[in-house]
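Coordinates in review
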Amino acid sequence: MEGIVKGIIKLNPLTEIIFLVSVSVVSFTNDNLTIDIIILLIVAIAASLLGLVKTSTKALLLFALLQGIKHIILPSLPDIISANFGLLVIHAPKLIPIFLVGQILVKTNPIRSIMYALKRLHLPDSLIIPLAISIRYFPTLREEYNLISDAVKIRGVTGLKKIELGLVPLIVTASNTADELAQAITVRGIENPARKIFVDNVSFGLWDGVIVALCILMLFIVKLKLFL
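Residues numbered from 1 in each chain as written. Predicted model: local features only at pLDDT ≥ 70, side-chain atom pairs only at ≥ 80, totals over all residues. Heavy atoms only, no water.

If you tally the helices and strands in the protein chain, you get 8 helices and 0 strands. When the elements of the protein chain are put in sequence order from the N terminus, they spell out α-α-α-α-α-α-α-α. Here the contacts in the protein chain between residues at least 6 apart in sequence split such that 77% fall between residues at least 24 apart. With an accessible surface of roughly 14200 Å², the protein chain has 69% of that area assigned to carbon and sulfur atoms. (Helix = DSSP H or I, 4+ residues; strand = E, 2+ residues; numbered from the N terminus. Contact = heavy atoms within 4.5 Å. Areas by Shrake-Rupley, 256 points an atom, 1.4 Å probe, with all protein chains shown as cover.)

In structure tokens:
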């Protein structure tokens, strides 16, 4: 597992969840490119301050690339190709800021802090527990995939044999990882109905207020079409 990313500022995980919900709502309830750009810039700046500089840079470059394809390349292509790929190019840019905020939530907080924030929202354990396992499961699986891929490359395997030697161990590893995570979360008493105590400092600070204010501002801009 990768370590927790630390940046210039630190946000409460509950603030990041509010940020994620707000960006998701705003991204899919407006059809104005200016608003999309403003949202992405706000999220990219926040991500950079939180330590995700490379991730935010990649998000900005991908957004610019997709917009270039949409406005420059697609109009010059035949209608059949434009119809098949136009939907992807149109909607994919709206997912970029949402993905970026998701990266902020996952990479700047331990799982226990995210679970605490979700419990503060009074979400049921039937939703919190699978989400917490998923957040831990997929990064672990990706690390195992990288190790298996490196081992196959070292052996110099090519062709279909490479797929076989990479896929079978990955399936076995995926099953074992799921069992290990289930056992670990059971040992930690996740099924205990007693009230959980969290020792992390999850108090609200100045930057939390700034982000919440930005969320409210974004919602008002989309709702009232301000500055457009």
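On to the nonpolar core, then. In terms of nonpolar packing, the biggest core is built from 29 residues, with F19, V23, I39, V43 and M218 touching the most fellow members. Only helix 1 (13-28), helix 2 (33-49), helix 3 (53-73), helix 4 (79-107) and helix 8 (206-224) provide two or more residues apiece to this core. For this core, the element with the highest residue contribution is helix 2, accounting for 8 residues. In this view, M218 contacts F19, V23, V26, I39 and I42; residues no more than four positions away in its chain are not counted. One finds L105, A117, A132 and I135 within the second-largest nonpolar core, a separate group that totals 10 residues. (Core = buried A, V, L, I, M, F, W, Y, C linked by side-chain atoms within 4.5 Å. Buried < 20%, exposed > 50% of the residue type's maximum accessible area, 1.4 Å probe, protein only.)

So, on to the pattern of salt bridges. Here the structure, examined in full by the defined rule, presents 1 salt bridge. In this structure, the salt-bridge partner of D36 is K94, at a minimum N-O distance of 3.3 Å. Highlighted residues: D36 in helix 2 and K94 in helix 4, separated in sequence by 58 residues. Residue D36 shares its accessibility class with K94, and that shared class is buried. (Salt bridge = Lys/Arg side-chain N within 4 Å of Asp/Glu carboxyl O.)

To continue, consider the packing of helix 5 (residues 111-120) against helix 6 (residues 125-154). Remark: helix 5 packs on helix 6, axes separated minimally by 10 Å, with the N-to-C direction vectors making an angle of 160°. Taken together, helix 5 and helix 6 sit at an angle that is classed as roughly antiparallel. Where helix 5 crosses over helix 6, the handedness of that crossing is right-handed. Residues I111, I114, M115, L118 and K119 of helix 5 lie in contact with helix 6, whose contacting residues are D125, I128, L131, A132, I135 and R136. By residue class, the composition of the contact of helix 5 with helix 6 is 8 nonpolar, no polar and 3 charged. (Axes fitted to C-alpha atoms, helices over the stretch in contact; angles between N-to-C directions. Parallel < 35°, antiparallel > 145°, perpendicular 65-115°, else oblique. Left-handed = near helix turned anticlockwise from the far one by under 90°. Nonpolar A, V, L, I, M, F, W, Y, C, P; charged D, E, K, R; others polar.)

Structurally, the position occupied by Q103 is in helix 4. By relative accessible area, which is 17% here, Q103 ends up buried. What Q103 contacts, discounting residues up to four positions off in sequence, is L52, T55 and T108.

UniProt annotation of "transmembrane region" (unreviewed entry) refers to residues 7-27, 33-53, 60-77, 83-106 and 204-222 when read in the numbering used here. Annotation note: span residues 7-27, helix share 71%, strand share 0%, distance between end C-alpha atoms 26 Å. End-to-end, the C-alpha atoms of residues 204-222 are 26 Å apart, and along that stretch the chain is 89% helix and 0% strand. (UniProt positions renumbered as here; feature names shortened; annotations may be inferred.)

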